[in-house]
Amino acid sequence: MSAKQFTARAGANIALVKYWGKRNARLNLPAAGSLSITLANLETTTTVVRNPALRSDELVLNGRSQDAGRVTGVLDLMRVRAGRDGFCRVESHNSFPTAAGLASSASGFAALVVAAAAAFDLTLSPARLSELARRGSGSAARSIFGGFVEMSAGEREDGSDAVARPLLEAAGWPLEVVVAVTDSSPKAVDSRRGMNHTMATSPYYPAWVDGVAADVDVARKAVAGRDFESLAEVSEYSALKMHASMLAARPGLIYWNGATLSCMHAVRELRAAGTGVFFTIDAGPQIKAVCLPGQGRQVAAKLRSIDGVQRVLTSSLGQGARLVPET
Ligand code: DP6
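A brief structural summary. None of these values were measured; they are calculated from a predicted model.

Points about the environment of Thr72
- Secondary-structure assignment places Thr72 in helix α1 (residues 69-82).
- Along the backbone, Thr72 and Ala239 are 167 residues apart, and their C-alpha atoms lie at a distance of 32 Å.
- Among residues more than four places away in sequence, those in contact with Thr72 are Asp57 and Arg79.

Describing the site of the ligand
- Close to the ligand lie 18 residues, the nearest being Tyr19, Lys22, Ser137, Gly138 and Ser139.
- Side-chain polar atom of Ser139 to an oxygen atom of the ligand: 2.7 Å apart, as the coordinates give it.
- In the environment of the ligand, an oxygen atom lies 2.7 Å from a nitrogen or oxygen atom belonging to the side chain of Arg192.
- In isolation the ligand exposes 460 Å². Once the protein is present, 94% of that is buried.
- At three residues, helix α4 (residues 191-201) tops the list of elements feeding residues into the shell around the ligand.

Some thoughts on the sheet that holds strand β11 (residues 277-280)
- Pairing in this open sheet of four strands is antiparallel, and the strands run β11-β12-β10-β13 from one edge to the other. Looking at the sheet topology across the chains shown, the edges are occupied by β11 and β13 (311-316). Going across the sheet, the axis of each strand differs from the next one's by a mean of 25 degrees, ignoring polarity.
- Pairing analysis gives four bridges linking β11 to strand β12 (residues 287-291), with the strands arranged antiparallel. Counted as the bridge partner of Thr280 is Lys288 from β12.
- Against the sheet, helix α6 (residues 228-247) makes contact with β11 and β12, and its axis sits at roughly 20 degrees relative to β11, the strand it touches most.

Re the environment of Val178
- Inspection of the secondary structure puts Val178 in strand β10 (residues 176-181).
- Contact partners of Val178, with chain neighbours within four places excluded, come to Ile287, Lys288, Ala289, Cys291, Gly296, Val299, Ala300, Leu303, Val312, Leu313 and Thr314.

Side note on the packing of α1 against helix α3 (residues 126-136)
- Contact geometry for α1 and α3: axes closest at 8 Å, N-to-C directions at 145 degrees. Seen from above, α1 lies across α3 with right-handed handedness. Here α1 contributes Arg70, Val74, Leu77, Met78 and Arg81 to the contact with α3, which in turn contributes Arg128, Glu131, Leu132, Arg135 and Gly136.
- Residues belonging to the contact of α1 with α3 are distributed by class as follows: four nonpolar, one polar and five charged.

Regarding helix α2 (residues 105-119)
- When the terminal C-alpha atoms of α2 are compared, their 20 Å separation across 15 residues agrees well with the 21 Å that a helix rising 1.5 Å per residue should span.
- For α2, a buried count of 14 out of 15 residues is recorded, marking the element as mostly surrounded by other parts of the structure.
- One or two steps after α2, the chain reaches Asp121, where phi turns positive at roughly 60 degrees.

Looking at the state of the cysteines
- The full count for this structure, using the stated rule, is zero disulfides.
- This cysteine, Cys291, is not joined by any disulfide, and Cys263 carries the nearest cysteine sulfur, 12 Å off.
- Look at Cys291 and you get buried, because its relative accessible area is 0%.

Quick look at α4
- Among the residues of α4, those classed as buried are Gly194, Met195 and Thr198. Taken end-on, α4 shows its buried residues confined to a sector of 95 degrees, consistent with a single buried face. For α4, the exposed residues lying more than 90 degrees away from the buried face are Arg193 and Ala200.
- Where α4 is buried, its residues meet β2 (22-24), α5 (205-224) and α6.

Thresholds applied
Residues numbered from 1 in each chain as written. Predicted model: local features only at pLDDT ≥ 70, side-chain atom pairs only at ≥ 80, totals over all residues. Heavy atoms only, no water. Helix = DSSP H or I, 4+ residues; strand = E, 2+ residues; numbered from the N terminus. Contact = heavy atoms within 4.5 Å. Near = heavy atom within 4 Å. Polar contact = N/O pair within 3.5 Å; in protein donor to acceptor, adjacent residues only side chain to side chain. Areas by Shrake-Rupley, 256 points an atom, 1.4 Å probe, with all protein chains shown as cover. Pairing = 2+ DSSP bridges. Axes fitted to C-alpha atoms, helices over the stretch in contact; angles between N-to-C directions. Left-handed = near helix turned anticlockwise from the far one by under 90°. Nonpolar A, V, L, I, M, F, W, Y, C, P; charged D, E, K, R; others polar. Expected span 1.5 Å × (residues − 1). Buried < 20%, exposed > 50% of the residue type's maximum accessible area, 1.4 Å probe, protein only. Disulfide = S-S within 2.5 Å. Arc of directions from axis to C-beta.

Printed below as a string of structure tokens:
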């Protein structure tokens, strides 16, 4: 008898107001909120099969067996919730190059919880799915939803209110995203280690955390009012402040290379000349340029022409995590 399999798909997301730091490591609770956009063209598709013959969970990512540690952590929560045991085989594919230094944990854990909930026959609200995805990776809580998404820091000790919620669907303001890849080697310090190091050693970390709620407020209002200028200003402010807190860690974390800086200047020059575009940068050297509808092509051409840019990916905004029919 072949076991029943369930497949889900989720888009990567890019934070415009960043998440960087935790208030509880065990429950993976963020120190502050964040606000993101979910992407249509950078997706993870994940299939989960419960298999009584397995002695542990198995993870295959883009055709290669991987350590299933963090996946097992999330599946354990699902097994407890469902009151069922049974290890799973998890097979996951990214539609974008994993080695391109683009966050795949967000789309990965969002797709995982949606597929695993179905495999364990659990009916969960989007908020509960977001909570479970957060346990895998903080940013994954946001990929449960499409379009513009706000993540709440929450106040409860158990983290049940540290979940994301949708603000506006993609079609409500169809911004375009251009990702300029400037280095496709795996990053030396991943987000989790980088934020822990910043929390532990950067004198700027408290100032960073203190400002996030106000930035989320500005960004939420900018989204509601489709105010691109305001969203551009607060997004670049948030990204640069986050990087300032990392640069002031001991030793400082420098995620940028020369091409990253060239792209930042190019984006600012385009904006000064009237193009609707701003940049954001995560824990890596890639530039994510967010553009007004219709302006992505011009921005992509500009970024592609910059020395050190290896490739350019473009995306529209997309939907949240969902089950897809088995073929
Ligand atoms: C810079 O969600 O990868 O991309 O919760 O430890 O798994 P963990 O961290 P993760 O951190 C993302 C950091 C960021 C900013 C963001 O996406 O908000």
